[in-house]
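Below are the chains, spelled out letter by letter.
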Amino acid sequence: MTIIKVSLVLSFLFFSQYSFGQNPNFQYDSTYVETTHELFVSRLFFSKKYTELTMKTSEGNDKYTLVPNTGLKMGLGFNYQRLTVNVSFPVAFLYPEKEENWPFNLDLQSHIYAPKVIVDFFGQFYNGYKILAKNRVNSDEDYLRKDMRQIALGLNLNYLFFGDKLSLAASWNQSSIQKKSAYSPFIGFEGYGGNIKGDSLLLPTNPETDLINFDQASYFMAGPNAGMAGTLVFAKDFFLSGAASVNLSGGYTKWRNENEFTKWGVAPTYYLRGFFGYNGPKFSVNTSYTYKNLNLIKGGPYDQAVNTGNYRINFIYKFYAGKKFKNGFNKVNPVRILIKD
């Protein structure tokens, strides 16, 4: 049973840099980017993914943040011949505060930095939330809601105008090397939807939460976005990369507290991505953080946000695989079969 649970918690998503309509004959400007598709890039990483729900009181003076029962995970992965595979699994000593005997969580996030295209996919299924004691007034205990469930789905698509000079994949999964500093504006579109529910009102019962409490909510938001991405290369093979975008989404949010209440409107949101580390010919050590803020439509006393993040630290070793392995991998690599490269 443990093996089954571990396999379900796996973040096992693999994507080609050319899986989203990219021209297989695309070439980076070699002055700026060195591609390393024929290097086997092996990876040990540690990550923490989460989706939290933040609610402000009707006066706006305080807020309640419900966080999932998740912690650091350890993972293994590789890049080879344009194929990227990552597998992560929970390790007990990395999350000693985890609540035992709670339902497991499945968080599938894929951040794809293909030539000229950025794609982010979110498929998150969380069971069990809590308000940490440090975020509670007049209480030194966590507020536990084992019954709370949240499903959050999202897709973010962006086009990089100068994507031939800027490789965010070099910062994210080290499938290439950014040789010179570069930047690019980008535009795109995004859409998010989700459902939140519990067996009873989700917030602690007190006069402050009477107006904003609920036992079920759902939402959908979509709209255009725009931003800027760039990488600063310094001290030979060190890099600092970032991408930031703002979005204006239209949609609705629906709440239930005895009666149902729906509000349509527009709301601003933002997305931040940051990367820092060393990416050399054989070794790489780096860290990254992605954070998506999704402000929901405000209605009456309800002022909420669903925020998603992903911390990650990578330890990379690169080498050339033997000819026998290369030829065998060629025959089974789904990317090469797909693009006939």
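See the structure shown above.
A. Geometry of a nonpolar patch on the surface. A grouping of Tyr-159, Phe-161, Phe-162, Tyr-183, Ile-187 and Met-228 is seen on the molecular surface, where their side chains present a nonpolar patch of about 600 Å² in accessible area. Note that Phe-162 resides in the loop between β9 (143–160) and α2 (168–172).

B. Main features of the side chain of Gln-304. Relative to the helices and strands, Gln-304 resides in strand β16 (residues 304–320). Engagement of the side chain of Gln-304 in a polar contact is seen with the side chain of Trp-255, the distance being 2.9 Å.

C. Layout of the pattern of salt bridges. Per the stated rule, a full pass over the model turns up nine salt bridges. Across the salt bridge formed by Arg-273 and Asp-120, the nearest N and O atoms sit 2.7 Å from each other. A residue pair is termed long-range when its members are at least 10 positions apart, and Arg-273 in strand β14 (residues 259–279) and Asp-120 in strand β8 (residues 117–131) qualify at 153 residues. For Arg-273, a relative accessible area of 4% translates into the label buried.

D. Up close: the packing of aromatic side chains. Inspection of the entire model under this criterion finds 30 aromatic pairs. Ring plane angle 35° and centroid distance 6.2 Å describe the contact between Tyr-50 and Tyr-311, whose orientation is recorded as tilted. Here the residue Tyr-50 occupies a position in strand β3 (residues 39–56), and Tyr-311 occupies one in strand β16, the gap between them amounting to 261 residues. Summarising the aromatic geometry, the rings of Tyr-289 and Tyr-311 are spaced 4.4 Å apart at their centres and angled 20° between planes, so their arrangement reads as stacked. Placement of the pair is Tyr-289 in strand β15 (residues 283–295) and Tyr-311 in strand β16, with a sequence separation of 22 residues. Looking at Tyr-311, the relative accessible area reads 42%, which means it is partly exposed. An aromatic cluster is built from Phe-40, Phe-78, Tyr-80, Phe-283, Tyr-317, Phe-319, Phe-325 and Phe-329, whose rings are joined through pairwise contacts. The cationic tip of Arg-312 hangs over the ring face of Phe-45; the distance from NZ or CZ to the ring centre is 4.5 Å.

E. Up close: the nonpolar core. Leu-53, Leu-66, Met-148, Ile-196, Leu-203, Phe-214 and Tyr-219 are the most contacted members of the largest nonpolar core, which totals 28 residues. Sorting the residues of this core by element identifies β3, β4 (63–68), β8, β9, β11 (182–197), β12 (216–234) and β14 as the ones contributing at least two each. Here the element with the most residues in this core is β8; it accounts for four residues. When neighbours within four sequence positions are excluded, Leu-53 is seen to be in contact with Tyr-64, Thr-65, Leu-66, Met-148, Ile-196, Phe-214, Gln-304, Ala-305 and Val-306. Within the second largest apolar cluster, 17 residues are counted, among which are Val-33, Tyr-113, Leu-166 and Ala-243.

About the cut-offs
- Residues numbered from 1 in each chain as written.
- Predicted model: local features only at pLDDT ≥ 70, side-chain atom pairs only at ≥ 80, totals over all residues.
- Heavy atoms only, no water.
- Patch = residues over 30% accessible without salt bridge, like charges linked within 9 Å, V, L, I, M, F, W, Y side chains within 5 Å.
- Areas by Shrake-Rupley, 256 points an atom, 1.4 Å probe, with all protein chains shown as cover.
- Salt bridge = Lys/Arg side-chain N within 4 Å of Asp/Glu carboxyl O.
- Helix = DSSP H or I, 4+ residues; strand = E, 2+ residues; numbered from the N terminus.
- Polar contact = N/O pair within 3.5 Å; in protein donor to acceptor, adjacent residues only side chain to side chain.
- Buried < 20%, exposed > 50% of the residue type's maximum accessible area, 1.4 Å probe, protein only.
- Phe/Tyr/Trp six-rings, centres within 6.5 Å; stacked < 30°, edge-to-face > 60°.
- Lys NZ or Arg CZ within 6 Å of the ring centre and 35° of its normal.
- Core = buried A, V, L, I, M, F, W, Y, C linked by side-chain atoms within 4.5 Å.
- Contact = heavy atoms within 4.5 Å.

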